[in-house]
Amino acid sequence: MFKYVLKRVLISVVTVLIILAVLFTMLHSMPGSPFNDEKITAVQRANLEAKYGLDKPLPVQFVNYLKAMLSGDFGVSYVIQKNMPIASLLRARIMVSIRIGVQAVALGTLIGLLMGIVAAMKRNSFLDTFATVVSVIGVAFPSYVFAMAMSYFIGFRLGWLPLLYSTADAARSTVMPTISLSMFSMATVARFARTEMVEVMGSDYMLLADSKGISSFRLLGVHGLRNALIPIVTVLAPLTVELMTGSLVVEQIFAIPGIGSLLVSAIQFNDYNVVLAVVFVYSIMFISVMLIVDILYGVIDPRIRLAKEDAST
Amino acid sequence: MEKTLTIRDLRISFQASGGTVRAVRGVDLDLYQGETLAIVGESGSGKSVTVKAIMGIVSSNQIVEGGTILYRCREKDEWTERDLLRLSRREMRRHINGTHIAMVFQDPMTSLDPTMTIGMQLMEGMIQHLHLSRALARRRAIELLELVGIPEAEKRMRNYPHQLSGGMRQRVVIAIALSCSPDILICDEPTTALDVTIQAKILELIQEIQRKTGISVIYITHDLGVVAKVADYVAVMYAGRIAEKGTVEDIFYDPRHPYTWGLLSSMPDISDESSERLYTIPGSPPSMVDLPAGDPFAPRNAYALEADFKAEPPMFQISQTHFAASWLLDERAPKVAMPDSLRRRIESMRGGERTDG
Ligand SMILES: Nc1ncnc2c1ncn2[C@@H]1O[C@H](COP(=O)(O)OP(=O)(O)OP(=O)(O)O)[C@@H](O)[C@H]1O
Ligand code: SF4
Ligand SMILES: [Mg+2]
């Protein structure tokens, strides 16, 4: 297991490096230089470039860039908040986004699993139909539709939950964004879980396990669920992407001070330093999720863990 | 000889999209302690459905229309008899499955849980039923793996199914079945999915276990050669009913049912020097949804009488142990003997045996 995890981590690190290389190239292909003010003389420009290390050869610049990015120094914002270090801009916002994201994935996966399992156990019953309808709705509508519907009915008409995010009432403020973001995961996981559970329940190994006379809890929970989880884990990565894109709009709707809304305004104001920094943060998040999924995969399925271990020795 | 299982008039059907599949239509079977009952018959004749009913394993669209499965065993020095069809799934799990009746399935490649170690799959039944501690269960599991002939048993405990060959996996499945010392072992075509050389070894293993433990075995197979080797009693199934049943001698030396004749004639025989073409029974088994009137075997039966297309034959008793369901055994029926080629074959088999022994 250790070897397997180590390999996954190495792959993630390499991925991060590749992403940084791409970002660096993008930075360099931006038109002009940061110092293309007409009042600056050639000597002054050279001095400035020397000060910021821009006179060094590209590989050195890249290494400096790596060091800066990895230590969380993303430079300063030019437009949104002039000369504000991006790192502190992000620090204030990142936890809100992560919190809502994690809540949404956890809620969506748990409820989705539950719905899928119940639907598989009680096939063609009312509950099964209900789960199917919910899944179709959850996949068919983008998260902002749920966000707007909820903020109108629950936030505005009923007034049960805050319409806009407020730091003073953070927990309750995250309820509607979490639910609207979780709908897609819930629907997808429910659909997958149902199909997988039906298939697993009809498999020979479940028949053998059943013929041993073990308790139905063990039969379902240990043999059934674990095998059904293998393909379900696979969809977690695409779900995360869906969640990140969804969060861009949902954060706007509820005025959440997260990195999604930061990215949107950075794009609007052409603050490309901030854009690149947020893109980097998103990439890191996605890579972390991929890493977690890979490790989960190895934990759940010995065939994957052992096959990859054998291959790496 | 104690009787341990008595199946009477078992009738099972399935609700399927095409209609009601009448898979088992009045089956009577008996199993005696320490003996082997072989069930043979073409694909779809209801063999698996019958034995799964003994295990209480039912699918959701299954209807048990009637019958009894009486199971007799000693419990705390007292003989008890229970009708397994009256027990709930939960009671079956707690008191019967694994501990009294265990089963080995056809395909060892798919019958082990791919996410659990061999050791745990062996231990979980013992922990649940015998309330053994993990350490004790582990020790017993290693002994069981050694019993079924798995080398380096201790190391294998940590293996996952995909790290073992098919033959090894089937040994593991047999070890699992034996783990809680059941009285009855049901083997549903345990060697069909394996190589010929491994088939023989698994067969020997089951026989050896039977000698050591005195367990009763129900053995389902398509292979009459295997039947001749392992069985004490044979039941020939056709279209959800027993066509003929009796001791191995009854079935192999004195077959009475034309379907049994067909099966025996289609059996490849290495000792048979005559280069006769291998016989196959013409036609295919009937659809179990719309059974024809009369004997469902009649359309494929060269000896079919007029009566055969009108009513299904009852079970005729030939001797103490030998029964067959064919109108040919009715006293009004014309005398029809088995095909000559089969008779010659049987005579040569008997002759061979006499000189042997
Ligand atoms: N769950 C089910 N739903 C509908 N029909 C079923 C179901 N299970 C079995 N059957 C039908 O019952 C009949 C008997 O099936 P069974 O599995 O007992 O055959 P078998 O004698 O074991 O054949 P084989 O030698 O192929 O294993 C078949 O016609 C089969 O199609
Ligand atoms: S009852 Fe008739 S059809 Fe059926 S096996 Fe006997 S002879 Fe053939
Ligand atoms: Mg079968």
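From a predicted model like this one, the values you see are computed outputs, not experimental measurements.

Visitor: Whenever I open this one, the interface of chain A and chain B confuses me. Can you help?
Guide: Often the size quoted for an interface is simply the accessible area lost on bringing the parts together. Taken together, the contact pairs 23 residues of chain A with 27 residues of chain B. For the pair chain A and chain B, the two sides together bury roughly 2,300 Å², of which 57% comes from carbon and sulfur. Where chain A meets chain B, there are 4 salt bridges. One salt bridge in this structure joins Glu124(B) and Lys212(A), with 2.7 Å as the shortest N-O distance. In this assembly, chain A and chain B are joined by 16 residue pairs in polar contact (both at pLDDT 80 or more). When contributions to the side of chain A that touches chain B are tallied by element, the ones reaching two or more residues are α9 (204-211), α10 (216-234) and α14 (302-312) of chain A. Considering every element that reaches the side of chain A that touches chain B, the biggest residue donor is α10(A), with 8 residues. Here the residues of the side of chain A that touches chain B sort into 10 nonpolar, 6 polar and 7 charged.

Visitor: What should I look at first to understand the sheet that holds strand β6 (residues 101-104) of chain B in this one?
Guide: Sheet strands line up and pair through hydrogen bonds in the backbone, either parallel or antiparallel. Residues and elements named next belong to chain B. Ordered by their spatial adjacency, 8 strands build an open sheet running β6-β7-β8-β3-β9-β10-β12-β11, and the pairing between neighbours is mixed. Unpaired on one side and paired on the other, β6 and β11 (316-317) mark the two borders of the sheet. Relative to strand β10 (residues 241-247), strand β9 (residues 233-238) is paired through 6 bridges, and the arrangement is antiparallel. Each bridged residue has a counterpart across the sheet, and for Ala-235 the counterpart in β10 is Lys-245. This element, helix α1 (residues 47-55), spans β3 (36-40), β6, β7 (184-188), β8 (216-221) and β9 of the sheet and lies at about 145° to β6.

Visitor: I would appreciate a short explanation of the sheet that holds strand β4 (residues 62-75) of chain B in the present structure.
Guide: Residues and elements named next belong to chain B. Strand order in this open sheet of 4 strands is β2-β1-β4-β5, and the pairing throughout is antiparallel. Either end of the sheet is taken by a strand with one partner, and the two such strands are β2 (19-32) and β5 (78-83). When the angles between neighbouring strand axes are averaged without regard to direction, this sheet yields 10°. Packing against the sheet, α1 makes contact with β1 (3-16), β2 and β4, and its axis sits at approximately 115° to β1.

Visitor: What is the right way to read the site of ligand 1 from this model?
Guide: Residue and element names in this part refer to chain B. Near ligand 1 you find 16 residues, and of these Ser-43, Gly-44, Lys-47, Ser-48 and Val-49 are the closest. Here Gly-46 contributes a backbone N or O atom positioned 3.0 Å from an oxygen atom of ligand 1. Side-chain polar atom of His-222 to an oxygen atom of ligand 1: 2.9 Å apart, as the coordinates give it. Protein chains shield 69% of the accessible area of ligand 1, which is 640 Å² for the free molecule. At the level of elements, β2 and α1 are the ones that each hand at least two residues to the shell around ligand 1. In terms of residue count, the dominant contributor to the shell around ligand 1 is α1 (3 residues). A class-by-class count of the residues in the shell around ligand 1 yields 5 nonpolar, 8 polar and 3 charged.

Visitor: How should the pattern of salt bridges be read in this particular structure?
Guide: Where charged atoms from two side chains of opposite charge come close, those side chains can pair. Summed over the entire model, instances satisfying the criterion amount to 24 salt bridges over all chains. The partner of Arg25(B) in a salt bridge is Glu312(B), with the nearest N and O atoms 3.0 Å apart. Here the residue Arg25(B) occupies a position in strand β2, and Glu312(B) occupies one in the loop between α10 (258-265) and β11, the gap between them amounting to 287 residues. Under the relative-accessibility criterion, Arg25(B) is labelled buried at 9%. Glu312(B) is the partner of Arg241(B) in a salt bridge, and the nearest nitrogen-oxygen pair spans 2.8 Å. Here Arg241(B), found in strand β10, pairs with Glu312(B), found in the loop between α10 and β11; they are 71 residues apart in sequence, far enough to count as distant. Since its relative accessible area comes to 31%, Glu312(B) is described here as partly exposed. One salt-bridge network, in which partners are shared between bridges, spans Asp210(A), Arg89(B) and Arg93(B).

Visitor: Please clarify how the domain arrangement of chain B should be interpreted in this entry.
Guide: All names here are of chain B. The domain boundaries assigned to chain B delineate domain 1 (3-231) and domain 2 (237-356). On a C-alpha basis, the centres of domain 1 and domain 2 stand 29 Å from each other. Contacts between the two partners involve 28 residues from domain 1, matched on the other side by 20 residues from domain 2. Note on domain 1 versus domain 2: buried area summed over both sides is about 1,800 Å², and carbon and sulfur give 60% of it. Three residues stand out in domain 1 for area buried against domain 2, namely Arg-25, Glu-42 and Leu-224, and they jointly supply 39% of the buried area on that side. Connecting domain 1 to domain 2 are 2 salt bridges. Measuring nitrogen to oxygen at the nearest pair gives 2.9 Å for the salt bridge that ties Glu-42 to Arg-300.

Definitions and limits used
- Residues numbered from 1 in each chain as written.
- Chains lettered and ligands numbered in written order.
- Predicted model: local features only at pLDDT ≥ 70, side-chain atom pairs only at ≥ 80, totals over all residues.
- Heavy atoms only, no water.
- Contact = heavy atoms within 4.5 Å.
- Buried area = accessible area lost by both parts, 1.4 Å probe.
- Salt bridge = Lys/Arg side-chain N within 4 Å of Asp/Glu carboxyl O.
- Polar contact = N/O pair within 3.5 Å; in protein donor to acceptor, adjacent residues only side chain to side chain.
- Helix = DSSP H or I, 4+ residues; strand = E, 2+ residues; numbered from the N terminus.
- Nonpolar A, V, L, I, M, F, W, Y, C, P; charged D, E, K, R; others polar.
- Pairing = 2+ DSSP bridges.
- Axes fitted to C-alpha atoms, helices over the stretch in contact; angles between N-to-C directions.
- Near = heavy atom within 4 Å.
- Areas by Shrake-Rupley, 256 points an atom, 1.4 Å probe, with all protein chains shown as cover.
- Buried < 20%, exposed > 50% of the residue type's maximum accessible area, 1.4 Å probe, protein only.
- Domains from an automatic or database assignment.

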